[in-house]
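Residue-level structure breakdown
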Amino acid sequence: MQVGSGRARWVDFSGNDYLGLAREPAVARRLAEAAREYGSGAGASALVSGYHPEHQALERELADFLQRDAVLLCSSGWHANLATISGLAGRGDFLVQDRLCHASLVDAARLSGARLLRYPHADPAAMRRQLLRCGTGHRLLVSDAVFSMDGDLAPAEEMALIAREFDATLVLDDAHGIGVLGPEGRGATAVLDQARLPVLIGTLGKALGGLGAFVAGSRPLVRHLVNEGRSYVYTTALPPAQAAATRQALALLRRENWRRERLLEHVGRFREGAAQRGIPLLPSATAIQPLLAGSEKVTLDLARHLAERGYRVGAIRPPTVPAGTSRLRITLSAAHGPAQIDGLLDALEDSLGALPTGSAQ
Ligand SMILES: *Cc1c(COP(=O)(O)O)cnc(C)c1O
């Protein structure tokens, strides 16, 4: 994966295009072709006149892929989370959320007016403690399925049991698992059917390489959000051409297993190479491979060293992550080649070696 032009060329290990679909010519061709046919924008919100047969077809195809009854297409993951949380919970209700949930879920909680109870990362006992504190009113147990800055997974199956035990609705945002993990790329939550995971959220801007997001679940859920999800109702629908391009990306994702297999090979190669070189990665089996640096300064120094060697990685600092846990967020893609993975490992080893001793954790 090569990005940039002229002298500013680098190998990108910072994005979320895990399957290489954002730069897949067949998808880009479909976008251009559909734009010639439908124009560049939807021209209105979905409920007014922006809802197009391409949107409907994509919703059906996503529902089929994810084995759900219905899907609601939203303009972005941010919109999907606002619509879902504030559509399902309000004043007098309770939201029990992982402390490391994505910012959009935190903002959605604030906007909803429901009481927000957070628990230490991926801790089932703490989930139970917080659910015990909830009064009457709706209870939503909410989490990222794959944590965007850590790459680790929520204990989804256990959460489904806990949700049932406490009569809570389980809501999982699988922005980084859809397309990448699970059988056929159905995501980190693929083991959970609609009865056990009634509200599944995913984005189309990551592994699917486009833009937009969705909420998947029962027909009554989707009908409810169509009317009550304010960030769905009061925003311009996705361009129909974008929906057409995502349909093409979804078809490739389902057909071309090699993308997922290649990505998982890269994950294995990268972790093995890191272990051999003594590069300390956080535990993660996903495309997100963080290296905990600790301080902001060390994180920035490492990212600068890597950039000088032609590799771009995310330098993630507070407030995105808790203080003292600044990190390089390294993301792998099927679009990388093995030599690029090895090159990054060598550059990381050099960069870590160039630090003053004792400065990296
Ligand atoms: C990226 C992300 C979002 C936001 O999705 P956009 O489509 O980029 O707005 C929501 N949730 C999680 C967990 C994410 O990683």
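Refer to the structure above for everything that follows.
So, here's what we can say about the structure. What you see is a predicted model, and the numbers here were worked out from it, not measured in a lab.

**Remarks on the overall build of the chain**
Broken down by element type, the chain carries 13 helices and 12 strands. Relative to the compact-globule value of 21 Å for 361 residues, the chain shows a C-alpha radius of gyration of 21 Å, a close match. Its C-alpha atoms give the chain principal-axis dimensions of about 55 × 55 × 30 Å. Across the 361 residues that make up the chain, the buried fraction comes to 56%.

**What to know about the side chain of D173**
With respect to the helices and strands, the residue D173 is situated in strand β7 (residues 169-173). At 3.1 Å, the side chain of D173 forms a polar contact with the backbone nitrogen of A175. Ignoring sequence-local partners within four residues, the contact set of D173 consists of N81, L105, S143, D144, A145, V146 and I201.

**Section: helix α12 (residues 296-308)**
Compared with the 18 Å implied by 1.5 Å per residue over 13 residues, the 18 Å span of α12 between its first and last C-alpha is a close match. The complete set of buried residues in α12 reads V298, T299, D301, L302, A303 and L306. The inward-facing, buried residues of α12 abut β10 (288-294), β11 (311-316), β12 (326-331) and α13 (338-353). A positive backbone phi angle near 95° is found at G310, which sits one or two residues after α12.

**Some words on the packing of helix α4 (residues 77-88) against helix α5 (residues 103-112)**
Interaxial distance between α4 and α5 falls to 8 Å at its minimum, and their mutual angle equals 35°. The crossing of α4 and α5 is right-handed. Residues W78, N81, L82, I85 and S86 of α4 form the contact with α5, whose own contacting residues are A103, S104, L105, D107, A108, A109, L111 and S112. Split into classes, the residues belonging to the contact of α4 with α5 amount to eight nonpolar, four polar and one charged.

**Some points on the packing of helix α6 (residues 124-133) against helix α7 (residues 156-165)**
Two numbers describe how α6 lies on α7: the axes approach to 11 Å, and their chain directions differ by 20°. With respect to their mutual orientation, α6 and α7 come out roughly parallel. Between α6 and α7 lies a crossing of right-handed hand. Residues P124, M127, R128 and L131 of α6 lie in contact with α7, whose contacting residues are E158, M159, I162 and E165. Here the contact of α6 with α7 is composed, by residue class, of five nonpolar, no polar and three charged.

**Remarks on the state of the cysteines**
All chains considered together, the criterion is met by zero disulfides. In this structure C74 is not part of a disulfide, and its nearest cysteine sulfur, from C101, lies 18 Å away. Unpaired in terms of disulfides, C101 finds its nearest cysteine sulfur in C134, a separation of 14 Å. Accessibility expressed as a relative area gives 8% for C101, which makes it buried.

**Details of the sheet that holds β7**
Taking strand neighbours across the sheet as the criterion, the seven strands line up as β3-β9-β8-β7-β6-β4-β5 in an open arrangement whose pairing is mixed. Each edge of the open sheet is held by one strand with a lone partner, namely β3 (70-74) and β5 (115-119). Taken pair by pair, the neighbouring strands of this sheet meet at an average axis angle of 20°, ignoring direction. Alignment of strand β8 (residues 199-203) against strand β9 (residues 213-217), held across four bridges, turns out to be antiparallel. Looking at β9, one finds that I201 is bridged to V215.

**Comments concerning α7**
Looking at α7, one finds that the buried residues are A156, M159, A160, I162 and A163. Buried residues of α7, seen end-on, are gathered within an arc of 165° and therefore sit on one face of the element. Structural note: α7 exposes L161 and R164 on the side pointing more than 90 degrees away from its buried face. Packing partners of the buried residues in α7 comprise β5, α6, β6 (139-144) and β7. Among the residues trailing α7, D167 stands out with phi positive, at a value near 55°.

**Some points on the nonpolar core**
As a rule of thumb, soluble globular proteins bury nonpolar side chains together. L141 and I330 are the most contacted members of the largest nonpolar core, which totals 81 residues. Discounting chain neighbours no more than four positions away, the residues touching I330 are F13, F270, A287, I288, Q289, L291, V313, L344 and L348.

**Some details on the site of the ligand**
Close to the ligand lie 13 residues; G77, W78, D173, H176 and K206 are nearest. Here a nitrogen atom of the ligand sits 2.5 Å away from a polar atom, N or O, in the side chain of D173. For the ligand, an oxygen atom lies 2.6 Å from a polar atom in the side chain of H176. When the ligand sits alone it has 380 Å² of accessible area, and the protein chains cover 83% of it. Its residues placed into classes, the shell around the ligand shows two nonpolar, eight polar and three charged.

Procedures and definitions
- Residues numbered from 1 in each chain as written.
- Predicted model: local features only at pLDDT ≥ 70, side-chain atom pairs only at ≥ 80, totals over all residues.
- Heavy atoms only, no water.
- Helix = DSSP H or I, 4+ residues; strand = E, 2+ residues; numbered from the N terminus.
- Rg over C-alpha atoms; globule rule 2.2 N^0.38 Å.
- Buried < 20%, exposed > 50% of the residue type's maximum accessible area, 1.4 Å probe, protein only.
- Polar contact = N/O pair within 3.5 Å; in protein donor to acceptor, adjacent residues only side chain to side chain.
- Contact = heavy atoms within 4.5 Å.
- Expected span 1.5 Å × (residues − 1).
- Axes fitted to C-alpha atoms, helices over the stretch in contact; angles between N-to-C directions.
- Left-handed = near helix turned anticlockwise from the far one by under 90°.
- Nonpolar A, V, L, I, M, F, W, Y, C, P; charged D, E, K, R; others polar.
- Parallel < 35°, antiparallel > 145°, perpendicular 65-115°, else oblique.
- Disulfide = S-S within 2.5 Å.
- Pairing = 2+ DSSP bridges.
- Arc of directions from axis to C-beta.
- Core = buried A, V, L, I, M, F, W, Y, C linked by side-chain atoms within 4.5 Å.
- Near = heavy atom within 4 Å.
- Areas by Shrake-Rupley, 256 points an atom, 1.4 Å probe, with all protein chains shown as cover.

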